[in-house]
Amino acid sequence: MDQESSFRTALVIGFLAVLTVTLYHRIKSWASKESLDRRQEGRFILFTLRPIGLLLWLGVFAYMANPAWMAWSSLALPASLRWAGLIPFALGLGLLVWALRSLGTNLTDTVVTRRDHTLVTRGPYRWIRHPFYVAMALLILAIALLAANWFMLVTGAMVFSLLVLRSRTEEAKLLERFGEPYRAYQAETGRFVPKL
């Protein structure tokens, strides 16, 4: 097996782990069959986040199917740096599992809360308000390193930037829903990194 095949295999295994964990928790959260109004994210986020995310995932799928298909955007990275991508992958996957388990059925793919939504302040939410987004950033970095691909890094950075932007709307919705308890929670925690 050549080295590129080894990177591809590592990426496929990691991607399947992320997909399995995420799909399991998404299916559990869909049990409510509650309709969520994604328009509340705002037009800009609505028309940019998912299309750019789709471009990112198409690039990842193309690389996993045949790395040569993404050779046009490859980076000349040393093998040691590419293998170092396993570190943020492991950290991102661990944080993702922890965040999803902590969220439970509160998980949504938008800024809207469910009817039975509760304020989650346990698990990684004890220290940061958006650990799911941090996990995504770590996973995107890991994927870009393993694939040595600037397209995945750039589209991933765009997706994360849009999530950062969307987090403001999300927090406004949570403040509207939970009031003073959420305001106190905001004062005690960091958005993406713990407060010192």
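What counts, and where the lines are drawn
Residues numbered from 1 in each chain as written. Predicted model: local features only at pLDDT ≥ 70, side-chain atom pairs only at ≥ 80, totals over all residues. Heavy atoms only, no water. Phe/Tyr/Trp six-rings, centres within 6.5 Å; stacked < 30°, edge-to-face > 60°. Lys NZ or Arg CZ within 6 Å of the ring centre and 35° of its normal. Axes fitted to C-alpha atoms, helices over the stretch in contact; angles between N-to-C directions. Helix = DSSP H or I, 4+ residues; strand = E, 2+ residues; numbered from the N terminus. Parallel < 35°, antiparallel > 145°, perpendicular 65-115°, else oblique. Left-handed = near helix turned anticlockwise from the far one by under 90°. Contact = heavy atoms within 4.5 Å. Nonpolar A, V, L, I, M, F, W, Y, C, P; charged D, E, K, R; others polar. Core = buried A, V, L, I, M, F, W, Y, C linked by side-chain atoms within 4.5 Å. Buried < 20%, exposed > 50% of the residue type's maximum accessible area, 1.4 Å probe, protein only. Salt bridge = Lys/Arg side-chain N within 4 Å of Asp/Glu carboxyl O.

Engineer: Pulling in residues and values, what's your account of the packing of aromatic side chains?
Structural biologist: Per the stated rule, a full pass over the model turns up 10 aromatic pairs. Within the aromatic cluster, the residues linked to one another by ring pairs are Phe-15, Trp-57 and Phe-61. Sitting above the plane of the Phe-7 ring, Arg-82 keeps its charged end 3.9 Å from the centroid.

Engineer: Kindly report on the packing of helix 2 (residues 43–65) against helix 6 (residues 150–178), identifying the contributing residues and their values.
Structural biologist: For the pair helix 2 and helix 6, interaxial distance at closest approach is 9 Å and the crossing angle is 150°. Classified by the interaxial angle, the pair formed by helix 2 and helix 6 is roughly antiparallel. At the point where helix 2 passes helix 6, the crossing takes the left-handed sense. Contacts between helix 2 and helix 6 pair Phe-44, Ile-45, Thr-48, Leu-49, Arg-50, Ile-52, Gly-53, Leu-55, Leu-56, Gly-59, Val-60 and Tyr-63 from the former with Phe-151, Met-152, Thr-155, Gly-156, Met-158, Val-159, Leu-162, Leu-163, Leu-165 and Arg-166 from the latter. Split by residue class, the contact of helix 2 with helix 6 holds 15 nonpolar, 5 polar and 2 charged.

Engineer: Any details on the nonpolar core? Residues and values, ideally.
Structural biologist: Counting 46 residues, the largest nonpolar core has Leu-11, Phe-89, Leu-96 and Met-152 as the members making the most contacts within it. Of all elements in the fold, only helix 1 (3–29), helix 2, helix 4 (86–103), helix 5 (131–147), helix 6 and helix 7 (180–188) reach the threshold of two or more residues within this core. The element that contributes the greatest number of residues to this core is helix 5, accounting for 12 residues. The residues contacting Met-152, other than those within four sequence positions of it, are Leu-56, Gly-59, Val-60, Tyr-63, Met-70, Ile-140, Ile-143, Ala-144 and Ala-147.

Engineer: Could you give me a rundown of the pattern of salt bridges, with the residues and numbers involved?
Structural biologist: In total, this model carries 6 salt bridges according to the counting rule given. Arg-82 is the partner of Glu-4 in a salt bridge, and the nearest nitrogen-oxygen pair spans 2.8 Å. With Glu-4 in helix 1 and Arg-82 in helix 3 (residues 79–84), the pair connects residues that are 78 residues apart, well separated along the chain. Exposure remark for Glu-4: the relative accessible area of 28% places this residue in the partly exposed category. Look at Arg-82 and you get buried, because its relative accessible area is 8%. As a salt-bridge pair, Glu-171 and Arg-129 come within 2.7 Å of each other at their nearest N and O atoms. With Glu-171 in helix 6 and Arg-129 in the loop between helix 4 and helix 5, this pair connects stretches of sequence that are 42 residues apart. Judged on exposure class, the residue Glu-171 and its partner Arg-129 are both buried. One connected set of salt bridges, linked through shared partners, spans Glu-41, Arg-50 and Arg-166.

These values are about where atoms sit, not about what they do.
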